[in-house]
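# Examination of the molecular architecture
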Amino acid sequence: MSGVRAIVGFSRTVSDLSVTEAFYRDGLGFVRIAPPEPVPAAQAEVMGLTDRRATQLRMQLGAQTVTFLVLDPPGAPYPADPAATDAFFQHLAIPVRDMAAAMAQLARLAPTPISRGGPQRLPASTGSVTAYKFRDPDGHPLELIVFPGGPPAARWRDAPGLFLGIDHSAITVTGLDATLAFLTGSLGLTVAARGLNQGPEQARLDGLEDPQVDVIALEPPASEPHVELLHYRRPPVIARGRGAGPGDRAATRYVFSAADLPGLSRRLRASGLAPQASADGSTVYCAGPDGHGFLFVPA
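Residues numbered from 1 in each chain as written. Predicted model: local features only at pLDDT ≥ 70, side-chain atom pairs only at ≥ 80, totals over all residues. Heavy atoms only, no water.

### Re the packing of helix 5 (residues 176-186) against helix 7 (residues 261-270)
Note the cut-off: Only C-alpha atoms enter the line fits that serve as axes; for helices the fit covers just the stretch in contact. Angles between N-to-C directions range over 0 to 180 degrees. A run of H or I in DSSP becomes a helix once it reaches four residues, and a run of E becomes a strand once it reaches two; helices and strands are each numbered from the N terminus. Our angle categories are set so that under 35 degrees counts as roughly parallel, over 145 as roughly antiparallel, 65 to 115 as roughly perpendicular, and the remainder as oblique. Note on convention: near helix rotated counterclockwise from far helix by under a right angle means a left-handed crossing. Clockwise means right-handed. Any two residues having at least one pair of non-hydrogen atoms within 4.5 Å are treated as being in contact. Only Asp, Glu, Lys and Arg are considered charged in this grouping, and only Ala, Val, Leu, Ile, Met, Phe, Trp, Tyr, Cys and Pro are considered nonpolar; every other residue, Gly among them, is considered polar.
At a minimum axis distance of 11 Å, the contact between helix 5 and helix 7 shows a crossing angle of 150°. Taken as axis vectors, helix 5 and helix 7 run roughly antiparallel relative to one another. Judged by the twist between their axes, the crossing of helix 5 over helix 7 is right-handed. Every residue of helix 7 that contacts helix 5 at F182, G185 and S186 is listed here: L264, R267 and L268. Residues that form the contact of helix 5 with helix 7 fall into these classes: three nonpolar, two polar and one charged.

### As for the packing of aromatic side chains
Applied cut-off: Here a Phe, Tyr or Trp ring, Trp counted by its six-membered ring, pairs with any other such ring whose centre lies within 6.5 Å, and the pair is stacked when the planes are under 30 degrees apart, edge-to-face when over 60, and tilted otherwise. To sort residues, take the accessible area from a 1.4 Å probe on protein chains only and compare it with the maximum for the residue type: under 20% means buried, over 50% means exposed, and anything in between is partly exposed.
Taken as a whole and judged by the stated rule, the model has eleven aromatic pairs. Between F23 and Y24, the ring centres sit 5.5 Å apart and the planes meet at 75°, which makes this aromatic pair edge-to-face. For F23, a relative accessible area of 4% translates into the label buried. Taking relative accessible area as the criterion, Y24 reaches 0% and is therefore assigned buried. Between Y78 and F88, the ring centres sit 5.5 Å apart and the planes meet at 85°, which makes this aromatic pair edge-to-face. Here F88 lies in the loop between strand 5 (64-72) and strand 6 (90-95) and Y78 lies in the loop between strand 5 and strand 6, a separation of ten residues in the sequence. A single burial state applies to Y78 and to F88, both of which are buried. In this structure an aromatic cluster arises from ring pairing among F10, F182, Y254, F256, F294 and F296.

Shape is all these values report; function is a separate question.
Printed below as a string of structure tokens:
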């Protein structure tokens, strides 16, 4: 099989590692895995960063890892006045044990809100979750979420702490069919759930006027964390920033493990994409149909 096995991490480009570390540590309970270090050569190669000084900081929340990259010289800044309907939008969703306690800890850092009016409880028709969206110091979106019950709540029941881990990462897409074909056909993910979210609670959560959004969850064979697609029927997705490169501040990447990287590269090329493989064959990078980044490492 040349598909992927699991999401083994996430990667974000930022402007200042010390500012980022303080925010994720003090506001969200992340812990540092190791001191800042050079980005591995194979990863820098496939992401087109060999002509810059690329430094990374790896941090962990529960069992999930996020790697933050800073570049010298830097790429494009995070676009001004970002919205959930930007084609480059990608959030990390963090389940919490107690929303009030999580909000109180986060409030000390005064992050920029996306949601209006605090945490929102969505209707039963769209899962009854309570969620709140906001931005980190660079503008990257994040979401706190409480699951009311069922398999999602059971998945996190035994996780320690207030901030439990990373449940999924959601991307806004313009072409739903093309992205689904990429994720299910080329990568081998499975559609686990789909719904249509709308109404005043969704509007306040997303910071938008009268949104109507397809929400589709897709799972790799190892189902934690998973991918979520956000396809806005209204308001329309804004194409600016589409295809932000790995060096640009708006970029967030999924990091997948795969057993057969050469076979995966062939499948990606056959689907019309342009994967970049390292000279030693250990790493592959590919931009998806809407430009979101996917980094593949050996399983």
